[in-house]
Every structure is written in structure tokens, then in C-alpha cells.
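# Summary of the model geometry
One letter stands for each residue in the lines below.
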There are 2 protein chains.
Amino acid sequence: MELIGKNYIAGVLSSKGKITFKGVNPSDASELPTLFYEATIEEVDEAASKAHEAFAIYRKKSGIEKALFLDVIADEILNLGDDLIDRCSAETGLPPGRIINERARTMGQLKLFATVLREGSWVEARIDTAIPNREPLPRSDFRYMQKPLGVVGVFGASNFPLAFSVAGGDTASALASGCPVIVKAHPSHPGTCELVAMAINKAVEKTNMPNGVFSMVHGPSVEVGMALVTHPHVKAIGFTGSTRGGIAIFQAANNREEPIPVYSEMGSTNPVFILPEALKERSEKIAKELTESVTLGAGQFCTNPGLVFLNNDENLQEFQKETVKHFEEVEAAAMLNKGIKAAFDSGIEHLSKNADTVKLLAKGKESSEGYKGSAHLFETKAKSFIEKKFLEEENFGPSTINIIADSREELLASARKMKGHLTATLFATANDLANYTDLIDILEQKVGRLILNEFPTGVEVCHSMVHGGPFPATSNSRSTSVGTAAIYRFTRPVCYQNFPEHLLPEELKTDNPLGIMRLFNGDYKR
Amino acid sequence: MELIGKNYIAGVLSSKGKITFKGVNPSDASELPTLFYEATIEEVDEAASKAHEAFAIYRKKSGIEKALFLDVIADEILNLGDDLIDRCSAETGLPPGRIINERARTMGQLKLFATVLREGSWVEARIDTAIPNREPLPRSDFRYMQKPLGVVGVFGASNFPLAFSVAGGDTASALASGCPVIVKAHPSHPGTCELVAMAINKAVEKTNMPNGVFSMVHGPSVEVGMALVTHPHVKAIGFTGSTRGGIAIFQAANNREEPIPVYSEMGSTNPVFILPEALKERSEKIAKELTESVTLGAGQFCTNPGLVFLNNDENLQEFQKETVKHFEEVEAAAMLNKGIKAAFDSGIEHLSKNADTVKLLAKGKESSEGYKGSAHLFETKAKSFIEKKFLEEENFGPSTINIIADSREELLASARKMKGHLTATLFATANDLANYTDLIDILEQKVGRLILNEFPTGVEVCHSMVHGGPFPATSNSRSTSVGTAAIYRFTRPVCYQNFPEHLLPEELKTDNPLGIMRLFNGDYKR
């Protein structure tokens with residue numbers, strides 16, 4: 001498939017602007033073919049207008065129609081074949097095997113939402129029927145369900161060029177909810193974005209959806225994104241990326257004449273606590289798996305464990321030695337782009353400069369090729385962690401800090417001091433857990449996902465996933481950006497009072513033609 | 001019961017400040033007995049610290065324990081007897097009969113949340129069990145449920161001194177979710193606030209809840225409220241009141257180091273559309289009921305119908321004549337306080353000054369006593385409504401504007417131009433509805449509750465209620481402040497991965513000891 005480099009505005013290829021850019025292979029810093037056109041403000045406006053028009057039609061599509069649309073998007077992504085795998089691997093430096101797995105996940109998540117739509121109960125239907133003879137006042141008939149918010153703007157992430165990008169979780173959940181989507185393509189993988197946009201457009205045509213239901217604009221500069229966030233037709237934003245970017249979008253959205261919800265999934269250092277008995281019993285295994293988890297995908301996972309809390313006991317030294325050995329063996333790996341590599345290096349430099357606080361324990365193999373980054377293992381004291389804010393900040397890449405507590409109380413104090421994170425992990429035996437119930441209590445209030453004896457990298461797409469957490473992990477702790485509950489980011493409840501049957505949505509008709517689960521006069525039933 | 005005039009800080013009476021104020025009877029502008037002490041910043045901080053401590057205990061209370069707490073609060077409010085009715089009526093100018101009804105509603109809403117807690121399914125439990133032999137990777141065990149956010153700050157409203165105040169919907173839903181509450185008492189009814197705080201404190205003692213689970217601070221000045229909104233221990237805000245106040249709180253909360261969710265329920269003009277055949281068939285009835293709805297409680301309902309859209313047809317004049325007749329008969333009624341009365345008068349003056357756009361059709365009876373306001377009926381053209389923003393603004397009080405459309409298209413254009421409202425109402429026959437399906441489509445996107453052939457005043461407390469709507473009706477359209485779904489404003493999902501049964505919350509144990517409805521491996525079941 002040949003790349004064209006243009007914006008997709010409601011099914012039409014468009015290149016009205018003059019600013020262009022190219023994709024870059026981070027493995028060797030070489031430029032990739034195809035010139036991409038940054039969208040103009042007018043093109044963003046055009047996409048928003050078409051999306052707004054499309055919403056009038058798309059919001060009324062049945063669950064079955066939307067499910068087919070999502071299924072066909074998944075199929076069309078597969079139909080892109082090796083062109084997608086090759087370009088995506090070239091643009092990100094991620095190996096083809098990883099991209100193939102990520103494609104499967106991306107398709108799986110579209111198909112999971114299709115399943116949810118076909119089943120139909122996700123709308124949270126609630127019905128309270130009239131009680132005409134109630135005293136002192138009769139009760140009318142009330143019926144409630146979730147309805148789509150309107151046009152959603154999606155900012156894909158660099159680190160998951162398929163699963164968190166053009167047809168990733170934000171797009172899948174927004175389309176599932178009944179919202180049109182405008183994607184701001186990530187400039188790190190513009191060709192991948194174009195290929196996936198092509199696939200979505202084919203699905204739009206094949207399933208007879210209104211053209212404006214999907215648009216994609218290119219924009220390495222801030223203006224394109226801000227035009228999307230501040231456009232009056234845009235009613236919600238999904239974002240995955242840096243803390244700075246996520247907060248800027250959150251603030252811009254709040255300062256609009258009509259503020260809109262922003263779901264920014266930002267930085268997280270995902271603390272891991274290795275408790276004493278677990279360390280004693282499983283030191284070698286944990287050291288090996290920790291190294292793998294920290295350096296997976298060049299450490300560029302939102303759930304990368306960047307803080308490892310340990311007690312200063314007789315097993316510590318052996319664990320540190322083992323971990324150092326593994327870290328030193330790690331090959332340098334291509335990071336996603338020049339900016340990410342530079343930020344990682346500067347983070348490493350910052351830690352290294354604080355030699356009174358932080359000690360470099362191990363460094364992986366080096367490479368001067370492309371934007372390759374080396375694994376880094378640091379050590380600090382829990383006392384320092386409690387005192388110095390910068391130690392909790394994410395350094396996006398293959399790096400982690402062992403934080404040594406001199407007492408149980410110091411470990412708990414470190415946990416209490418922490419800000420919000422996506423995940424927290426405990427490595428613990430039954431005895432450890434019995435001795436540290438207060439730690440579990442503290443961590444539960446700091447994260448969206450609490451994990452026992454498994455590393456946090458790897459986010460399962462299922463009904464029960466929470467990929468979210470208190471600020472600054474996200475801008476909205478009451479949501480998840482992975483899993484089927486992600487759909488509720490883009491809906492709001494609407495109540496119909498005293499409506500005749502024929503004007504009610506199918507989901508709310510008394511005889512329940514869709515057979516969905518509903519809260520009917522206070523009872524859950526189908 | 002004797003009033004003391006102090007702040008309630010975690011069960012302790014406190015008056016460390018020097019600023020004092022008194023309640024006022026708006027019927028005759030007379031001062032009421034008891035001097036009230038505005039809280040100091042230190043007292044707010046003390047309340048927040050105690051609430052934070054209490055959260056560690058309260059968040060672990062079972063649904064049955066919290067249900068008992070809510071039930072006892074309701075009982076203790078009833079035990080306040082006529083002291084509550086008398087003081088509340090004196091402070092608000094609302095007749096005792098109305099206060100008695102509102103007390104029943106307030107108790108009913110506490111008891112409805114208690115029912116929800118005893119049933120238990122509200123936590124939205126989701127379970128995806130492990131698949132150890134899945135290829136290419138095994139699936140771990142994931143379990144999800146809603147957990148309380150933390151300390152909630154509640155700003156009560158002046159217009160519902162019981163149902164939207166100290167033990168109103170915000171407090172009831174926050175306590176139900178497992179969050180401690182700090183109420184900023186409304187300075188318009190400080191004695192009522194104190195009596196209800198007493199009742200809650202008795203319930204805290206009787207059900208052995210931690211003292212910090214409830215505090216109440218007085219504060220006519222902005223500082224006390226802002227200290228609450230910006231306190232690091234406060235994790236969410238519920239507010240009912242003016243647009244200016246609601247937006248100021250929303251912005252302050254977003255500008256915190258850790259932004260927190262704000263549920264501001266603000267201004268709404270609740271458009272009513274009287275369609276042609278309904279007007280022809282039910283002109284007299286609608287005119288009478290419109291007058292009652294607009295002037296109920298001196299027009300001080302969030303759902304007061306302040307915009308009435310009509311077609312310029314042969315039945316218009318008769319309807320206007322009838323409505324004028326009713327409006328002119330309406331007695332002047334005490335408004336809630338001096339400020340509200342002044343704002344209402346200034347709104348009336350503003351409309352009257354725009355005589356080229358707005359015509360005064362009728363004025364109710366006048367009274368110079370206390371803060372009594374007179375009913376006002378205005379008329380304007382749909383064309384003017386489309387052009388002039390100020391016509392959509394709420395004028396809190398017994399006033400409405402008939403907006404005359406010269407064509408069906410003008411009526412639709414008016415609807416399209418509207419901002420967010422709490423409700424929209426259609427008076428329509430079956431034929432009208434068939435002719436105006438596009439109007440329903442437009443309105444559904446503008447409001448939280450869509451009503452047919454009933455006036456919007458009166459908000460049923462039930463599972464299916466939505467008392468919310470797009471901005472500027474609220475700061476968060478994805479929520480409701482009335483009805484059982486209001487509980488989700490104060491929760492966030494938490495996922496437990498690979499947890500042993502004995503460490504899981506009861507709601508998530510495999511054998512479902514609470515017998516709640518759960519999404520278990522994709523199936524809804526108990």
C-alpha cells in the first residue's frame with residue numbers, strides 16, 4: 001500500500017497546509033519515505049463540522065450496527081498485512097513480533113467492544129414506572145440510559161502505535177459509545193497512522209457509516225492539537241502521553257467557554273514493593289523478571305516499574321547483585337524517537353548528578369546507533385524518597401530505582417507520601433501480606449490497579465481492567481482507558497420522563513426487546 | 001432545641017473565629033436569634049484532617065453499617081420535630097407545609113441510599129478469572145469495583161434548605177459511597193444547618209462511626225469555601241447554587257496541585273415547548289399549570305421553566321390572555337434572602353430595559369414586606385432569542401419568558417442555539433410528536449431530563465432520575481445530583497490483580513457472599 005501523507009477529513013484526503021514532515025526510523029535515525037502534511041486550523045474545523053453532522057446519524061445507530069463497524073475495522077487492519085507491520089516497526093524501532101502481538105490486541109479490543117454492543121446491557125438502563133395513585137403525589141414514569149457525549153478528540157500515544165493510537169482503546173471506546181472520532185495522529189508514526197486511517201475509512205464505507213464519523217489530522221506542532229481541544233463541536237478528549245502535554249490539554253479544555261472532560265493518561269512510576277519473605281524465597285526470580293519488566297519495549301510502557309521498594313535486610317545484597325548482573329546484560333534498544341531518547345538521557349543525567357542521594361548500580365550495554373537507550377539501575381534511600389519530590393517522577397525509558405527502607409515504618413511512610421500511579425505491585429508471601437495489611441490499605445488509595453506477585457507491565461483488555469489512577473497518573477481517576485469500562489468516559493445519562501413507548505429507545509421499552517439487563521423498579525432483571 | 005451558633009468539627013463544637021452573623025427572616029427582614037460563628041481557616045483544616053483520619057475507618061464499613069448510619073440520620077432529623085420546621089420556615093420564608101414535605105423527601109433519600117447499600121450491587125463488581133493455559137500468554141485474575149474517593153466537600157443550596165443542604169442529596173450520596181463529608185453551611189439558613197448537623201452527630205454516635213466522618217463549617221464569606229475546595233485532603237466537591245459560584249469552585253479545583261472533580265449544579269432555564277395541537281387542545285390547563293410551576297416556592301426551583309416556546313398561530317392569543325390572568329393573581333412571595341431578591345429585581349429590570357426586545361405581559365401582586373418578589377411574565381420573539389444571549393440566562397425567581405416563533409424552523413433554530421439545561425419539556429399530542437421528532441433529537445443533546453406533558457418542577461428521587469445536564473447547567477454532564485446514580489460522583493474503580501480470596505473485598509470473593517449482581521466473565525449474574 002502506498003502512503004500519501006495527507007490528512008483524512010471525513011473520508012477525503014486533504015493537504016491544504018504548507019508544513020510537512022517525515023517519519024524517522026529510530027533504530028538508525030534515517031528518514032523514511034513519504035512527506036506528511038500537517039493539518040491547517042481550517043482542516044481541523046472541517047473535520048469537526050463533519051463529525052458534528054455525522055453525530056446526528058451515528059448516535060442513532062443500533063448496537064448491532066456499531067458492532068459490525070468495529071468488527072470490520074479490525075478486519076481491515078488485518079488486511080493491511082505486512083505493510084502495516086513493516087512500516088510500524090520501522091517508525092517505532094519495535095520488533096515485528098511485538099507489533100504483530102499489538103495488532104492482535106488492537107483487533108481484540110475492537111472486537112470485545114463489538115461483543116459488548118451486541119449484548120447491549122452496557123447502557124445501564126434504569127426504569128422506574130409510574131405510580132399514579134401514590135400519596136401525597138403520584139409518581140411519573142422515569143427511564144434512564146447512557147447516551148454518547150458527541151465528537152471525541154483522540155491523541156494517540158507514541159509507545160503503543162496500534163493499541164493506543166488511531167484505532168486504539170480511545171477510538172474503539174468512543175466509537176462504541178456512539179461518538180464520532182477525530183484523531184490527532186502521532187508524529188512519531190505517521191505512516192502507521194495513515195495505514196490504520198485507511199482501514200477505518202474502508203470500514204466506514206463497507207458498513208455505510210456517515211463519513212464524518214472518523215477523521216485524522218497530522219500535527220507535530222501544538223496548534224493542531226489545541227485547535228481540536230478548543231473546537232466548540234468537540235465534547236471530550238482522550239489523551240495518552242506526557243504529564244506536561246496531558247495537563248496542558250486538561251487546562252485548555254477547562255478554560256473553554258464550555259469546559260469538556262479530558263481523559264489524560266500521563267506519567268506513572270508504578271511502585272513495586274518486594275516484601276521480606278518474598279525477597280528471601282524468590283530473590284533470583286524477582287531480579288530476573290524485574291529486569292525484563294523494566295526493559296520491555298525499551299522501558300516505554302505506561303506501567304513500567306520505576307520504583308522498587310526493598311527492606312534493608314540480610315537478603316538485600318544478594319538481590320541487588322543479581323539485579324545488577326541482569327541489567328548489565330541488557331542490550332541497548334531503540335527508543336521511539338529523538339525527543340524521547342533525549343528526555344531519557346537528561347533524566348539519567350539528572351539522577352546521576354544527585355550522587356549524594358542516588359547511586360548508579362548498573363548500566364546495560366551501550367550503542368551509539370540511532371536513538372538507542374541503555375538500561376539503568378539506581379539506588380536510593382527511602383528517607384531520600386520521602387524528602388525529594390524528583391525521585392517519584394517518571395523517567396520514561398529502561399530505568400528503575402531501588403529504594404531501600406531501614407524500617408517497616410519507613411516503607412509505609414514512603415507509600416503514604418506517594419502521589420497517584422496507574423499501578424502498585426506487591427511481591428509477598430502469605431506471611432508478608434499478614435504483616436503488611438496497612439500497606440495494602442495505603443496503596444489502594446493511590447492507584448487504579450493493585451497487583452500481587454506479578455509485574456505490572458502488560459495490561460489485559462477485559463471487563464475488569466482499570467488502566468487509570470489518581471492524579472498525576474491521569475486527569476480523571478474515575479475512569480479507565482483500557483477495558484470495556486472505558487466506554488463510560490464518552491457517555492452521559494439521559495432521563496426520559498412520561499414518554500410513550502414508541503418514542504423510547506429500544507433499550508428502555510417496557511417489554512425489553514433487546515433482552516438487556518436493567519434496573520427495573522429497583523430489581524436487576526432482563 | 002437551643003441553637004448554639006458554632007461550627008461542628010468532627011463532633012466538637014468550635015468557635016475560634018471572630019466573624020459572626022445572624023439568620024434573617026425573609027418574610028419581614030427581621031433578624032433571628034442566635035449568633036453564628038464563621039469558621040476560621042484553621043477550623044477548616046482541622047475538619048479536613050479529622051475527615052482524612054476518619055476515611056481510613058469509614059471506607060471499610062460494610063454496606064449494612066453505612067445503611068444503618070443513613071437510616072439513623074433520617075430518624076434523628078425527624079426527631080428534631082417542630083423545632084426544625086419552625087426555624088427552617090422562619091429562615092427561608094417557605095411555608096411549614098413545604099418544609100414538612102421537604103423533610104420527608106430528605107429522609108426518603110437517605111433511606112433510599114440505605115436500601116441501595118443493603119442490596120449491594122451498586123459497586124459494579126466485575127470479575128474476569130484467570131486463564132492459566134491461554135496462548136500466547138496466560139491471563140491473570142482481575143476483579144473490579146467502585147471504591148470511595150475520599151473526603152467530600154459539600155456546598156448546600158439556599159432553595160432546598162433540607163433536601164439540598166446539610167443532609168441533602170450530596171451528603172447522602174457521599175456518605176453512602178464511603179466518603180466522609182464536610183459541609184459548608186448555607187448562610188441563608190444557619191440555624192436549620194445547625195439542627196441537621198446535630199442530628200447527623202447523634203447518628204454518628206449512635207452507630208459508632210468515626211467522629212471525623214462529618215463536620216460542618218459556617219462561612220458567609222468566600223474564604224471558608226475556598227479553604228475547603230483547595231484543601232489537599234479534600235478529594236471531590238458537590239455544589240448547588242449560582243453559575244458564578246459554581247464556576248469559581250470548578251476553576252479553583254482544577255488549578256489545585258492535584259485537581260479534583262467538582263459537581264456544580266448551576267443555572268438552568270429549563271425550556272418548555274408547547275406544540276401547536278397541544279396548545280389548541282389544552283390551552284387553559286397549560287396556562288394554569290405553567291403559572292403554578294413558574295411561581296412554586298417563589299420560583300426558586302432549579303427546574304423552574306424560564307423559557308416557554310410557542311408558535312405564532314391562532315391559539316396563541318387566547319393562551320397568552322389566560323396566562324396573563326393567572327400571573328396577575330399570584331401573591332408576592334418571600335424570596336430566600338436579600339441577595340436573591342436583589343438579583344431577581346435586577347434581572348427583571350434588565351429585561352424591562354430591553355423593551356425593544358422583551359415585552360412585560362403581566363406582573364403578579366406586589367408587597368413591600370420583607371424580601372417578597374412578584375411574579376413576572378415576559379414575551380419576546382424567537383428571532384431575538386436566537387440573537388441575544390442574555391435571554392437564555394436564568395433569572396432566579398418567579399419569572400418566565402414566552403418566546404414566539406414565526407415558523408417551525410425558527411422554533412428548531414431556537415432549540416439548536418440553546419446551551420445545556422437540566423430539563424426540557426414538550427407539551428405535545430401524538431400528532432405534534434410525529435411532526436417534531438427533530439426537536440426531540442435536538443433537545444436530547446441539550447439536557448439531562450426530557451419530559452413530556454408534565455412540568456419540570458418536582459424532581460423525583462429514584463433510580464432513573466437525572467438531575468444534571470450539559471454545561472452551564474452543571475460542570476459535569478456525566479453525573480446526576482439527585483437519585484441513586486448520584487453515588488458514582490464520589491467513587492472510582494479499583495482493580496485487584498491476582499489477589500487471594502481472603503484479601504479481596506466481600507463484593508469480589510468468588511462465591512459472592514453478598515449475593516450481588518456482578519459481571520462475571522462477561523455474564524451478569526448473582
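What you are looking at is a predicted structure, and each value in this text was computed from that prediction instead of being measured.

## Remarks on the overall build of chain A
A count of helices and strands for chain A gives 15 helices and 23 strands. Counting only C-alpha atoms and orienting by the principal axes, one finds that chain A spans roughly 75 × 65 × 40 Å. When each of the 526 residues of chain A is scored for burial, the buried share is 65%. In chain A, of all internal contacts separated by at least 6 residues, the share reaching a separation of at least 24 is 77%. Between the averaged position of the 56 positive side-chain charges in chain A and that of its 66 negative side-chain charges there is a distance of 4 Å.

## A look at helix H5 (residues 169-177) of chain B
When you tally the buried positions in H5 of chain B, you get nine out of nine residues, the bulk of the element. Backbone geometry just downstream of H5 of chain B places Gly178 of chain B in the positive-phi region, at approximately 110 degrees.

## Here we look at the sheet that holds strand E20 (residues 449-452) of chain B
Taken in spatial order, the 12 strands make up an open sheet running E23(A)-E22(A)-E5(A)-E6(A)-E21(A)-E20(B)-E19(B)-E12(B)-E13(B)-E18(B)-E17(B)-E15(B), and their pairing is mixed. Two strands close off the open sheet at either side, each with one partner strand: strand E23 (523-525) of chain A together with strand E15 (359-363) of chain B. Mean inter-strand twist for the sheet, computed between neighbouring axes without regard to direction, equals 20 degrees. Pairing geometry for strand E12 (residues 271-274) of chain B and strand E13 (residues 307-311) of chain B, over four bridges, is parallel. Within the sheet, the bridge partner assigned to Pro271 of chain B lies in E13 of chain B and is Leu307 of chain B. Sheet contacts for helix H10 (residues 316-329) of chain B: E12, E13, E15, strand E17 (376-381) and strand E18 (399-405) of chain B; angle to E15 of chain B, the most-contacted strand, approximately 50 degrees.

## A closer look at the relation of the copies chain B and chain A
Once chain B has been moved 0.0 Å along the axis and rotated by 180 degrees, it coincides with chain A to within an RMSD of 0.0 Å. Taken together, these values place the two copies in the relation of a two-fold axis. Among all residues of chain B, the one whose C-alpha sits closest to the rotation axis is Asn254 of chain B, at a distance of 3.8 Å.

## Regarding the domain arrangement of chain A
All names here are of chain A. Looking at the assigned domains, one finds that chain A contains domain 1 (7-23 + 32-120 + 150-266 + 476-489) and domain 2 (271-452). Spacing between the C-alpha centres of domain 1 and domain 2 amounts to 33 Å. On the side of domain 2, 12 residues touch domain 1, which itself brings 12 residues to the contact. Here domain 1 packs against domain 2, burying approximately 850 Å² in sum over the two surfaces, 57% of which is carbon and sulfur. In this structure, the connection of domain 1 to domain 2 is made through zero salt bridges.

## Section: the packing of aromatic side chains
Residues and elements named next belong to chain B. Tallying each qualifying case throughout the model produces 22 aromatic pairs over all chains. Measuring from ring centre to ring centre gives 5.1 Å for Phe160 and Phe301, while their planes differ by 80 degrees; the resulting arrangement is edge-to-face. Of the two residues, Phe160 is situated in the loop between strand E7 (151-155) and H5 and Phe301 in the loop between helix H9 (276-295) and E13; the sequence distance between them amounts to 141 residues. Here Phe301 falls in the buried class, since its relative accessible area comes to 9%. Plain terms: the ring middles of Phe309 and Phe385 are 5.2 Å apart, the flat faces sit at 85 degrees to each other, and that makes the pair edge-to-face. Of the two residues, Phe309 sits in strand E13 while Phe385 sits in helix H12 (residues 382-387), which places them 76 residues apart along the sequence.

## Here we look at a negative patch on the surface
Residues and elements named next belong to chain A. On the surface, a cluster of negative charge is contributed by Glu42, Asp45, Glu46 and Glu53. Along the chain, Glu42 turns up in helix H1 (residues 41-58). For Glu42, a relative accessible area of 55% translates into the label exposed.

## Quick notes on the UniProt feature "domain: Aldehyde dehydrogenase" (unreviewed entry) in chain A
The positions that UniProt labels "domain: Aldehyde dehydrogenase" (unreviewed entry) are, in the present scheme, residues 20-469 of chain A. In residues 20-469 of chain A, the share of helix is 44% and the share of strand is 20%. The end C-alpha atoms are 37 Å apart.

## A word on the pairing of strand E20 (residues 449-452) of chain A
Residues and elements named next belong to chain A. Side chains Arg449 and Ile451 project from E20 onto one buried face, and the interleaved Leu450 and Leu452 project onto a second face that is buried too. Pairing of strand E19 (residues 423-427) with E20, which is carried by four bridges, proceeds in the parallel orientation. Directly across from Leu426, in E20, lies its bridge partner Leu452.

Conventions adopted
- Residues numbered from 1 in each chain as written.
- Chains lettered and ligands numbered in written order.
- Predicted model: local features only at pLDDT ≥ 70, side-chain atom pairs only at ≥ 80, totals over all residues.
- Heavy atoms only, no water.
- Helix = DSSP H or I, 4+ residues; strand = E, 2+ residues; numbered from the N terminus.
- Buried < 20%, exposed > 50% of the residue type's maximum accessible area, 1.4 Å probe, protein only.
- Contact = heavy atoms within 4.5 Å.
- Lys, Arg positive; Asp, Glu negative; His and termini not counted.
- Charge placed at Lys NZ, Arg CZ, Asp CG, Glu CD.
- Pairing = 2+ DSSP bridges.
- Axes fitted to C-alpha atoms, helices over the stretch in contact; angles between N-to-C directions.
- Least-squares fit on C-alpha atoms with pLDDT ≥ 70 in both.
- Domains from an automatic or database assignment.
- Buried area = accessible area lost by both parts, 1.4 Å probe.
- Salt bridge = Lys/Arg side-chain N within 4 Å of Asp/Glu carboxyl O.
- Phe/Tyr/Trp six-rings, centres within 6.5 Å; stacked < 30°, edge-to-face > 60°.
- Patch = residues over 30% accessible without salt bridge, like charges linked within 9 Å, V, L, I, M, F, W, Y side chains within 5 Å.
- Areas by Shrake-Rupley, 256 points an atom, 1.4 Å probe, with all protein chains shown as cover.
- UniProt positions renumbered as here; feature names shortened; annotations may be inferred.

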